Amino acid sequence: MILKGKTAVITGSNSGIGLGVARELAKSGADVVLNSFTDRDEDHAIAAEIAQETGVTARYIQADMSKAEDCRRLIADAGACDILVNNAGIQHVAPIDQFPVEKWDAIIAINMSSAFHTTAAALPVMRKAGWGRVVNIASAHGLTASPYKSAYIAAKHGVVGLSKTTALETAEEPITCNAVCPGYVLTPLVEAQIPDTMKEYGMDRETVIREVMLKRQPSKEFATVEQLGGTVVYLCSDAAAQVTGTTISVDGGWTAL
Ligand code: NAD
């Protein structure tokens, strides 16, 4: 229960990695604020389930991470924010010359600009509390590139840069900021890429998983949401107090290639 008494806000956490991170933070004693752009009974039920399983306070706050004012309202409505995990993200796969402009704008807003807005709102709260952790969920695609993912790769490289700047601006304070760079994790976001990638490469599902997705992941295994959650818990621990402005890859060796 190393995070007892801390409040964690995790953007985009009603599914996938964000939900896995929220669960691991709650298991370590942190109160958690879950988020997405929807406001369904099932969203609030996920928070209630985490509270019941772990004994922490868990709430769900609707806020659309494509909108600057919603990003900032999320932090205000959370009431406290010792740990901020910028995780909300979407993907679209297409060649640059056919990439829909509205998809480019949405990916840049949700995957990158939201982290700027939430961080800007959270830093004064962390300074007041005298402690803070910002963890940005970037990607192996924040360090390397692949074809057909221009907006996502631009946004994730941007998040890595934002993380370094946040770290430098807080370097003399008990606040850290780092980027976690997952390789492939089998979440709804990755599931949704499979049909487009099948079309793009003219391959069946199993071949896309083996030859395209896990081709660059030397371990030949997907990373898990629990492993990503454990990495975030480590970054929030005292052991990581001097770990700031860096990237931690959880990618089965992808970026070692
Ligand atoms: P996911 O689709 O399961 O989760 C994305 C989350 O973001 C969901 O909770 C969704 O509701 C939320 N979201 C989407 N649009 C939003 C908006 N406008 N406002 C608020 N929330 C919004 O996908 P995931 O794989 O769990 O991805 C989570 C993060 O991890 C993303 O930033 C993604 O880029 C990153 N990532 C994923 C992988 C992977 O292989 N799955 C690899 C590297 C990085």
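- With an unreviewed UniProt entry as reference, the chain is termed D-beta-hydroxybutyrate dehydrogenase, source organism Candidatus Rhodobacter oscarellae.
- Looking at the Sequence similarities (unreviewed entry) heading of the UniProt record, one finds this comment for the chain: "Belongs to the short-chain dehydrogenases/reductases (SDR) family."

### Some words on the packing of aromatic side chains
Here is step 1: For the coordinates displayed, the defined rule picks out two aromatic pairs.
Here is step 2: Considering the side-chain rings of Tyr148 and Tyr201, the 6.3 Å spacing of their centres and the 80° angle between planes classify their relative orientation as edge-to-face. Note that Tyr148 is positioned in the loop between strand E5 (132-137) and helix H5 (150-169) and Tyr201 in helix H6 (residues 188-201), a separation of 53 residues in sequence.
Here is step 3: Taking relative accessible area as the criterion, Tyr201 reaches 36% and is therefore assigned partly exposed.

### As for empty space enclosed by the protein
Here is step 1: By the definition in use, this model includes one cavity of 30 Å³ or more.
Here is step 2: Roughly 50 Å³ of volume is contained in the largest cavity.
Here is step 3: Considering the residues around the largest cavity, the lining is formed by Thr11, Asn86, Asn87, Ala88, Ile110, Asn111, Ser114, Ala115, Ile137, Lys156 and Val159.
Here is step 4: Elements that contribute at least two residues to the lining of the largest cavity include exactly helix H4 (101-129) and H5.
Here is step 5: Per-element tally for the lining of the largest cavity: the top contributor is H4, with four residues.
Here is step 6: Residues that form the lining of the largest cavity fall into these classes: five nonpolar, five polar and one charged.

Conventions we followed
Residues numbered from 1 in each chain as written. Predicted model: local features only at pLDDT ≥ 70, side-chain atom pairs only at ≥ 80, totals over all residues. Heavy atoms only, no water. UniProt positions renumbered as here; feature names shortened; annotations may be inferred. Phe/Tyr/Trp six-rings, centres within 6.5 Å; stacked < 30°, edge-to-face > 60°. Helix = DSSP H or I, 4+ residues; strand = E, 2+ residues; numbered from the N terminus. Buried < 20%, exposed > 50% of the residue type's maximum accessible area, 1.4 Å probe, protein only. 1 Å grid on protein atoms, 1.4 Å probe; cavity = no way out; pocket = protein on both sides within 12 Å on 5 of 7 lines; lining within 4 Å. Points joined across faces, edges and corners; volume = space filled by probe spheres on them. Nonpolar A, V, L, I, M, F, W, Y, C, P; charged D, E, K, R; others polar.

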